Each structure stands twice: as C-alpha cells, then as structure tokens.
Amino acid sequence: MKNWSDLDKRYLWHPFTQMLEWTDTDPLVIQRGEGNYLIDTDGRRYLDGISSLWVNVHGHCRDALDKAIIEQLGIVAHSTLLGLSSIPSIALAEKLVKIVPEGLTRVFYSDSGSTAVEVALKMAFQYWRNLGRHTKRKFVTLAEAYHGDTIGSVSLGQIDLFHSIFQPLLFHTFSLPTPFPYRHPDLSLEECRDRSLDHLRALAEDHAEEIAAVVVEPLVQGAAGMIVHPPGFLRGVESLCREFDILLVCDEVATGFGRTGKMFACEHEGVRPDLMSVAKGLSGGYLPLAATLATEKIYEAFLGEYAEYKTFFHGHSYTGNALACAVACANLDIFESERILEQLQPKIALLQELLSTEIAPLPHVGEVRQCGFMVGIEIVEDSAKRQSYAPELRTGARITQDVRSRGVILRPLGDVVVMMPPLSVTQDEIRTLVASTAQSIAKVCGA
Ligand code: PMP
C-alpha cells in the first residue's frame, strides 16, 4: 500500500502552511467522507467541525448531490458560457435570484470566493467609469478584512500576516476601524458601532467622489477571528453608502447559505447590497463554484455598443461549469425540501447554550463569539486582562491538534479556535463537538 503521508511530503505544497513545519508532522490524510464525518487512511473517523473549510453544507457523500453530478456527467461535464449558454447555469441563476436579497437580479459566475470578490471589484470600478465618473475607483474595507488571495482581493485585505508581504503589488484601499467590542471594553456596543460608522461618514464626506464601493463581510468577519459586528452596523454602512452615492458590496462567501441562521447574513438587517459575492456553500462543498450577483442598475450600466467599451471583459475557462451548477441546484433544493433553515434554529440554540455553559466559563477563554453556525473561541493567557498568549506558543494550533485525538477536526485562526459545522450536524454531534473542544482547551491551557 502507498504511504500517502510520505508522498504528500514529497509532492504537495499546502495553502497557508509553513512547509518546514509540515514535514515534521504526520499529516492526516483523508480517504473518504460520510455524512458529517471524514475518515482517514487508517479508518479513523473525525467529526468535520469546520465543514471542510466552511464549504460543506449538508454533509459528505449526500445521495442527492452525488446523483446530481453523476446525472450531469452523463449529459455534459462542461461547455463554455463564452458565446454559448448551458442549462445548469441558467437553472442555477434563476434559483439564486429567487433567494438572494431583493434587487440582485444578475448572476456572473466564477470559481472561488476570491474571484467572486475580484469580479465585484472590477464591476464596481467599471460601473462608475461606464457612467463617466472616472474618479470613483477606490474601495473601503474594515481593518482585519479578508476577502481572498488574488491580488485585487488581497488589496482589500488588512490582515498583516497574510497581506503585508504583497504590499508593493497592491492598490490603496481606505480602512475603517472594525467594530470589535472585545477589543474595546471601554465602549458600549452602540459606541463601538458608531465609532466605525462615524469614521465612514468622515471618509465619505472627504472622499465620496473617489470611492467606488465599501466592501464588507456582513455581520461576521470570519478569517479575522469570527468578529461579530454590533447590531445595526451593517444597516448603518448601507445607509451611508446610499447617502454618499457609494456602492455596497457584501462578501457573503463565508456567511452565505445558512451559516448565520438565515440564507444570507444581509437578511438579518434587511440590507440590500449592490453587489454580492457567494462561493463556499454554493455547491454544498462539492465543486469549485462562485457567483457575483449584481443589481439591474449595475447590469444596465454595462449595456452599449461594442465600441463604447462598456462590456465587462472578464471570464474564466470554467465559468458556469455544468457539473458545479448542477450540484449547486441540488444543494439549494435540499434547503427547500428538508426545510433546513427551520431545522437549524434549535441546533443553533443548543450550540449557544453549550458554548455558554461548557466553554465560556473556562479560565483561558476570553470570549466566545457566535453567529448561527459560525463560532470563534478566543483563547487568552489572562481572561481578566484580555491578554493573549505569546504567538510563538501556538496555543490555538495545539488545541486543534489535541481535539483531533478526540475525533474532531477544528481549525485555529491564531489563538481563536473556529467551529463551523455542517448545517446537517445532529444535536448529539453538537454535544460531542463542544465537549471535545472544552476538554482540549482545558488540557492545553490548564483548567
Ligand atoms: N471572502 C471571504 C469572506 C472568505 O472567508 C474567503 C475564504 N475564506 C474568501 C473570500 C475567499 O474564498 P476562496 O478561498 O474560495 O477563494
């Protein structure tokens, strides 16, 4: 039998990974998936507590999803959307437009969250140019923003560890202070929210004619450590965008498809973005697929004679891939046929209760942040002083390593332990997830 671990170390280069450290570890090689579990090459089962990096929605090897792909395989795997159209891409676009926030009527496909953001950036930029307003070409994002790894989306990014090395390649982006209550214990939730909104107002007053769009992750900044924004923040951003004639781009790559308890996070505040990027959960964790949704107003600004250069010159070889669109249709159908969002509410409540009784009281837990099925557990050396561990101790990574030995897969974001279970996780599995995490935190940090 092949030694997959050795071959991995010989041939692969892993994302976001210091490969020198990786080669010193014994990589966990996943062989197959079954419902909410992943199974390694030795047959050990792990609860997939991060939905295979926030993408898996209804579990692994779901019959209806497998069948959708197999059926489409027997028809055609791929044909281009450049100069042709295809049935699965049309069918999915119609389904998407029916479930996204009102006003988003046009679907532009790409392959990953990063490209869906990149498309939104280029559309926002070109929208203003097509209207003759050439100065509106800058973007505003939140401190600690993360919107993907392509150069445009990295230009929006504000996580030093990931982004600062690429600075010479990037365009300038305006930065807003993140409304992050845990980092501002001196401020009330409202003050924390208003501080960011006041900053945006000041920026808009001085620079509205330069700003194309504000780009935000609605409600929760995932990669920044599951920062949950105070209520009213997103609505406040939207109303400032309207007041100053700035586009609002919502990056629902992580928050979309039920993650926050509603289909899209924007819905919690009744917000209607001008552009919205989706990916991850769109295909249920099966195939790479993303989409950028636009309003009719934006779409219409791209209409004109060929020589007017209003056309949106962007597209990828696999744009609107038939297999991916077919499985995404089946993925959305499950939401409806199994009333997933309804079924989710008691599970979210149970998760919240267990986090507050079993995790929050642990001495080295600074804060538990939860929005639906997005959870960040901030691990600290001293919770009274909100003092972090030294980064070189890699406390978050040691906790997620330990929890693996208990049959659960989690990921750290620095010293924030992240939980993002599939929406199909059962109540018993939620109990296991929380209990194992509590044990690992206590073991690594001391009870
Ligand atoms: N936007 C957000 C909010 C994300 O969380 C991510 C990925 N974690 C991306 C964009 C990039 O998506 P992808 O990794 O599919 O390129």
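Residues numbered from 1 in each chain as written. Predicted model: local features only at pLDDT ≥ 70, side-chain atom pairs only at ≥ 80, totals over all residues.

**Examining the packing of helix α14 (residues 395–404) against helix α15 (residues 427–445)**
So the rule is basically this: The convention used is that axes are lines fitted to C-alpha atoms, helices contributing only their stretch in contact, and that angles between N-to-C directions extend from 0 to 180 degrees. By definition, any uninterrupted DSSP run of H or I lasting at least four residues is a helix, any uninterrupted run of E lasting at least two residues is a strand, and each is numbered from the N terminus. With respect to orientation, any angle under 35 degrees is reported as roughly parallel, any angle over 145 as roughly antiparallel, any angle of 65 to 115 as roughly perpendicular, and every other angle as oblique. Two helices crossing with the near one rotated counterclockwise from the far one by less than a right angle form a left-handed crossing, whereas a clockwise rotation gives a right-handed crossing. By definition, residues are in contact whenever their C-beta atoms, placed on the basis of the backbone, come within 7 Å of each other. Each residue is assigned to one of three groups, with Ala, Val, Leu, Ile, Met, Phe, Trp, Tyr, Cys and Pro labelled nonpolar, Asp, Glu, Lys and Arg labelled charged, and all others, Gly among them, labelled polar.
Where α14 meets α15, the axes come as close as 9 Å, and the angle between the chain directions of the two elements is 130°. Here α15 runs oblique to α14, going by the angle between their axes. In terms of crossing hand, the pair formed by α14 and α15 is right-handed. Listed contacts from α15 to Thr-395, Arg-398, Ile-399, Asp-402 and Val-403 of α14 are Ser-436, Thr-437, Ser-440, Ile-441, Lys-443, Val-444 and Cys-445. A breakdown of the residues in the contact of α14 with α15 according to their chemical character gives five nonpolar, four polar and three charged.

**Overview of the site of the ligand**
Formally: To decide whether a residue is near a molecule or strand, its C-beta atom is placed from the backbone and checked for lying within 6 Å of it.
Around the ligand sit 14 residues, and of these Ser-112, Gly-113, Ser-114, Gly-148 and Val-253 come closest. Among the elements that take part in the shell around the ligand, helix α6 (residues 113–130) stands out by supplying three residues, more than any other.

**Considerations on the packing of helix α9 (residues 189–207) against helix α10 (residues 233–243)**
Running from amino to carboxyl end, α9 crosses α10 at an angle of 15°, the nearest separation of the two axes being 10 Å. It follows that α9 is roughly parallel to α10 by the angle criterion. The two elements α9 and α10 cross, and the hand of that crossing is right-handed. Judged by residue contacts, Arg-193, Ser-196, Leu-197, Leu-200, Arg-201 and Ala-204 of α9 engage Phe-233, Gly-236, Val-237 and Leu-240 from α10.

**Re the environment of His-163**
Note the cut-off: Burial in this document is a count-based property: other C-beta atoms within 10 Å of a residue's C-beta are tallied, and the residue is buried at 20 or more, exposed at 12 or fewer, or partly exposed in between, with C-beta positions derived from the backbone.
As for its placement among the helices and strands, His-163 is situated in helix α8 (residues 160–163). Note on His-163: 18 C-beta atoms within 10 Å, which makes it partly exposed. Each C-alpha atom of the pair His-163 and Tyr-146 lies 9.1 Å from the other, and the pair is 17 residues apart in sequence. Among all residues touching His-163, those that are not within four sequence positions of it are Val-154, Gly-157 and Gln-158.

**A closer look at helix α12 (residues 322–337)**
Quick note on the threshold: A helix is expected to span 1.5 Å multiplied by its residue count minus one.
Over its 16 residues, α12 extends 22 Å from the first C-alpha to the last, a length consistent with the 22 Å expected when each residue adds 1.5 Å. In terms of residue burial, α12 counts as a mostly covered element, since twelve of its 16 residues are buried. Among all positions of α12, only Ala-322, Leu-323, Ala-324, Cys-325, Ala-326, Val-327, Ala-328, Cys-329, Ala-330, Asn-331, Leu-332 and Phe-335 are buried. Turning to α12, the residues buried within the fold contact α4 (63–73), α5 (87–99) and α13 (340–359).

**Thoughts on the sheet that holds strand β14 (residues 374–379)**
Which entries qualify depends on this criterion: When DSSP locates at least two bridges between a pair of strands, those strands are taken to pair.
Read from one edge of the open sheet, four strands run β13-β14-β17-β16, paired in antiparallel fashion. At either margin of the open sheet sits one strand with a lone partner, and together these are β13 (365–371) and β16 (411–413). Taken pair by pair, the neighbouring strands of this sheet meet at an average axis angle of 25°, ignoring direction. The pairing of β16 with strand β17 (residues 416–419) spans three bridges and is antiparallel. What sits directly across from Leu-413, in β17, is Val-416. The sheet strands contacting α13 are β13 and β14, and the helix crosses β13 at an angle near 180°. Along the sheet face, α14 touches β14, β16 and β17 and points at about 170° away from the line of β16.

**Examining the pairing of β14**
For a regular strand, the rule is simple: side chains alternate between the two faces of the sheet. A large share of β14 lies buried, amounting to six of its six residues. Residues of β14 alternate between two faces, with Met-374, Gly-376 and Glu-378 on one and Val-375, Ile-377 and Ile-379 on the opposite face, all of them buried. What sits between β13 and β14 in their antiparallel hairpin is a turn of two residues, with Gly-372 showing a positive phi close to 60°. Relative to β17, β14 is paired through four bridges, and the arrangement is antiparallel. Looking across to β17, one finds that Ile-377 is bridged to Val-417.

**Describing the environment of Tyr-318**
Checked against the element boundaries, Tyr-318 lands in the loop between α11 (296–300) and α12. Taking the number of C-beta atoms within 10 Å as the measure of exposure, Tyr-318 has 18 and is therefore partly exposed. As a C-alpha pair, Tyr-318 and His-78 span 240 residues in sequence and 7.5 Å in three-dimensional space. Look past the residues within four positions of Tyr-318 in its chain and what remains in contact with it is His-78 and Asp-111.

**Points about the UniProt feature "modified residue: N6-(pyridoxal phosphate)lysine" (unreviewed entry) in the protein chain**
We apply this condition: UniProt positions are given in the numbering used here, feature names are shortened, and annotations may be inferred rather than shown by experiment.
Residues annotated by UniProt as "modified residue: N6-(pyridoxal phosphate)lysine" (unreviewed entry) correspond here to Lys-280. In this structure, Lys-280 sits in the loop between β11 (275–278) and β12 (290–295). Given 29 C-beta atoms within a 10 Å radius, Lys-280 is considered buried. With near-sequence residues (within four places) excluded, Lys-280 lies in contact with Trp-54, Val-55, Gly-113, Val-253 and Ala-254.

**Brief notes about the environment of Arg-369**
Mapped onto the secondary structure, Arg-369 falls in strand β13. Residues Arg-369 and Arg-406, spaced 37 residues apart in sequence, show a C-alpha to C-alpha distance of 23 Å. Other than its neighbours up to four places away in sequence, Arg-369 contacts Met-226, Ile-227, Val-228, Val-375 and Gly-376.

**Side note on the UniProt feature "binding site: substrate" (unreviewed entry) in the protein chain**
In this structure's numbering, the residues bearing the UniProt feature "binding site: substrate" (unreviewed entry) are Tyr-146, Lys-280, Gly-315 and Arg-411. Judged by maximum C-alpha separation, these annotated positions cover 266 residues in sequence and are scattered in space, the widest gap reaching 32.4 Å. Looking at the secondary structure, you find Tyr-146 in the loop between β5 (138–142) and α7 (151–156). Look past the residues within four positions of Tyr-146 in its chain and what remains in contact with it is Gly-157, Ile-159, Ala-223 and Ala-224.

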